[in-house]
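Examining the three-dimensional arrangement
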Amino acid sequence: MKAPRCEVIMASLRELSERGQSVWVDYLSRPMLRTGELAELVEAGVTGVTSNPTTFKKAIADAEAYDDQLRELIEAGSKPKDAFLALAQQDIREACELLRPAFDRGGADYQGWVSLEADPRLAYDTQASIDEAVHLHRLIDRPNLFVKIPGTEEGLPAIEEAIANGIPVNVTLLFSLSRHRAAAEAYLRGLRRLRDSGGDLTSVGSVASFFVSRVDAEADRRLAEANGPEDLRGTLAIANAKLAYQTYLEVFRGPEWEELAAAGARPQQCLWASTSTKDPQLRDVLYVEELIGPDTVNTMPRQTIADFRDHGTVADTVQTGLPEARRTLERFAEAGVDYDKVTAALEEDGVRQFAESFRELLDGIAVKQEALTRP
């Protein structure tokens, strides 16, 4: 006799948790909170939330749930960015409270966290990114908040400074193995500074948001231009992520790390981001199924969660096929696809897209404010 459908659905997410992977949802809106959708996802096994300018832009532009608060903000004379932060503050705080039980149970695991992005227009300004992280940390005032800081060259010292000041950081927009390692080292420097200043290492943490599907989209485009082997299509992203996990295992072990861990430090786990497939010829849950393993996080769009709950399979995969993963990077190079150029272009484009989304978000708030003031 088959189990009821709801039991099968919930089991797949629970199995990921049992294998050491935290499942987060890559979307947040007030309607999600009001209708109980987020609570239902939490009940089904989701243990965290990521947000970004694009998701907030969709939520605020399309939902009337924000209109009453926007009217109050208009009366208070709030400008668009201040209005956005006030709207986000309420949503993020509610999500933090909803996930607080998971956070309190989580221990060293990254469960119960909610991420809020620093203004992406500051991605190339170290001091402004630091100031923004401090402001958002104080604004939300919840222990389970991650401030998202892009892992740009200018973002790395901001990440270190935030950690040294006790601010948990989600390092976002990571594409290359070298930048991922640099983000881990920035985290370690911040931890050492926090420890040496007498700070509480148990109050901070970090995840490294390593983007997946965007890598295949860009690499496959260049592969086609170079008339490269067809069998390489859709393979670089997973290989790249599996090798990033090996960096994690290498960095967060050994005597120096054990000393920090003994003082309460958490490792900076890999967070798989951009896990919906862009290529319709690829399996829709490919980037979930191929990157399952302990001490990882996977943040998925709602549709990817639904697809995985419907037909995903669970197996320990993140450490399988490592020789093949290394060979995949070599074969792309042999085909004339420059890995460093691919990842540099992805970082630049990612920052540009998030900055554009943030500008559009503020423009949309301004338009909505104007519409709400009309008689």
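Residues numbered from 1 in each chain as written. Predicted model: local features only at pLDDT ≥ 70, side-chain atom pairs only at ≥ 80, totals over all residues. Heavy atoms only, no water.

1. Observations concerning the pattern of salt bridges
On inspection of all chains with the given rule, the structure shows 33 salt bridges. Note that Lys81 and Asp119 form a salt bridge whose closest N and O atoms lie 3.0 Å from each other. Taken as a pair, Lys81 in helix H6 (residues 80–106) and Asp119 in the loop between strand E3 (113–117) and helix H7 (126–140) lie far apart in primary sequence, 38 residues in all. With relative accessibility at 23%, the residue Lys81 sits in the partly exposed group. (Salt bridge = Lys/Arg side-chain N within 4 Å of Asp/Glu carboxyl O. Helix = DSSP H or I, 4+ residues; strand = E, 2+ residues; numbered from the N terminus. Buried < 20%, exposed > 50% of the residue type's maximum accessible area, 1.4 Å probe, protein only.)

2. Description of helix H11 (residues 236–251)
Here H11 is 16 residues long and its end C-alpha atoms lie 23 Å apart, about the 22 Å a rise of 1.5 Å per residue gives. The element H11 is extensively covered by neighbouring structure, given that 15 of its 16 residues are classed as buried. (Expected span 1.5 Å × (residues − 1).)

3. Concerning the nonpolar core
Phe84, Ile92, Leu191 and Trp272 are the most contacted members of the largest nonpolar core, which has 124 residues in total. Leave out the neighbours within four places in its chain, and Phe84 touches Phe56, Ile60, Phe358, Leu361, Leu362 and Ile365. (Core = buried A, V, L, I, M, F, W, Y, C linked by side-chain atoms within 4.5 Å. Contact = heavy atoms within 4.5 Å.)

4. Details of the sheet that holds strand E5 (residues 169–174)
The strand order around the closed barrel built from eight strands is E1-E2-E3-E4-E5-E6-E7-E8, with neighbouring strands paired in parallel fashion. Here the average twist between neighbouring strands, direction ignored, is 30 degrees. With four bridges joining them, strand E4 (residues 145–150) and E5 adopt parallel strand pairing. Paired with Val147 across the two strands is Val169, which belongs to E5. Where helix H8 (residues 155–164) meets the sheet, its contacts fall on E4, E5 and strand E6 (206–211), and the angle it forms with E4 comes to roughly 160 degrees. (Pairing = 2+ DSSP bridges. Axes fitted to C-alpha atoms, helices over the stretch in contact; angles between N-to-C directions.)

5. Observations regarding the pairing of strand E2 (residues 46–50)
Of all five residues in E2, five are buried; the element is thus mostly enclosed. With three bridges connecting them, strand E1 (residues 21–25) and E2 associate as parallel partners. The residue of E2 that forms the bridge with Trp24 is Gly48. Sheet topology note: the E2/E3 ladder contains three bridges and is parallel. When the bridges of E3 are listed, Gly48 appears paired with Trp113.

6. What to know about the packing of helix H3 (residues 37–44) against H6
Across the interface, H3 lies against H6 with an axial gap of 11 Å and an inter-helix angle of 25 degrees. Considered as vectors, H3 and H6 are oriented roughly parallel to each other. The handedness of the crossing between H3 and H6 comes out as right-handed. Between H3, through Leu38, Ala39 and Val42, and H6, the contact on the second element is made entirely by Ala95, Leu98 and Leu99. Taken together, the residues of the contact of H3 with H6 sort by class into six nonpolar, no polar and no charged. (Parallel < 35°, antiparallel > 145°, perpendicular 65-115°, else oblique. Left-handed = near helix turned anticlockwise from the far one by under 90°. Nonpolar A, V, L, I, M, F, W, Y, C, P; charged D, E, K, R; others polar.)

7. Focus: helix H10 (residues 213–225)
With 13 residues, H10 extends 19 Å from end C-alpha to end C-alpha; this agrees with the ideal 18 Å at 1.5 Å per step. Contacts made by the buried residues of H10 are with E6, H11, helix H13 (286–289), helix H15 (322–334) and helix H16 (339–373). Phi turns positive one or two residues past the end of H10, at Asn227, with a value near 55 degrees.

8. Comments concerning unusual backbone geometry
Located in the positive-phi region is Ser274, a residue other than glycine, with phi close to 55 degrees. The backbone of Asp295 shows a phi angle near 60 degrees, a positive value even though the residue is not glycine. Along the polypeptide, Asp295 turns up in the loop between H13 and strand E8 (296–300).

9. Notes on the packing of helix H5 (residues 67–75) against H6
Packing of H5 against H6 brings their axes to within 10 Å, and their N-to-C directions diverge by 140 degrees. What the angle tells us is that H5 and H6 run oblique. The crossing of H5 and H6 is right-handed. The residues of H6 that touch H5, namely those facing Gln69, Leu70 and Leu73, are Ala83, Ala86, Leu87 and Gln90. Among the residues making up the contact of H5 with H6, the classes are represented as five nonpolar, two polar and no charged.

10. A word on the packing of aromatic side chains
On inspection of all chains with the given rule, the structure shows 13 aromatic pairs. A ring pair is formed by Trp24 and Phe146, whose centres lie 6.3 Å apart and whose planes are at 35 degrees; its orientation type is tilted. Placement of the pair is Trp24 in strand E1 and Phe146 in strand E4, with a sequence separation of 122 residues. Grouping residues by exposure puts Trp24 and Phe146 together as buried. Centre to centre, the rings of Tyr110 and Phe146 are 5.8 Å apart; their planes meet at 40 degrees, and the pair counts as tilted. A residue pair is termed long-range when its members are at least 10 positions apart, and Tyr110 in the loop between H6 and E3 and Phe146 in strand E4 qualify at 36 residues. Each member of the pair, Tyr110 as well as Phe146, is classed as buried. One residue, Arg302, lies across the ring of Tyr27, its end atom 4.1 Å from the ring centre. (Phe/Tyr/Trp six-rings, centres within 6.5 Å; stacked < 30°, edge-to-face > 60°. Lys NZ or Arg CZ within 6 Å of the ring centre and 35° of its normal.)

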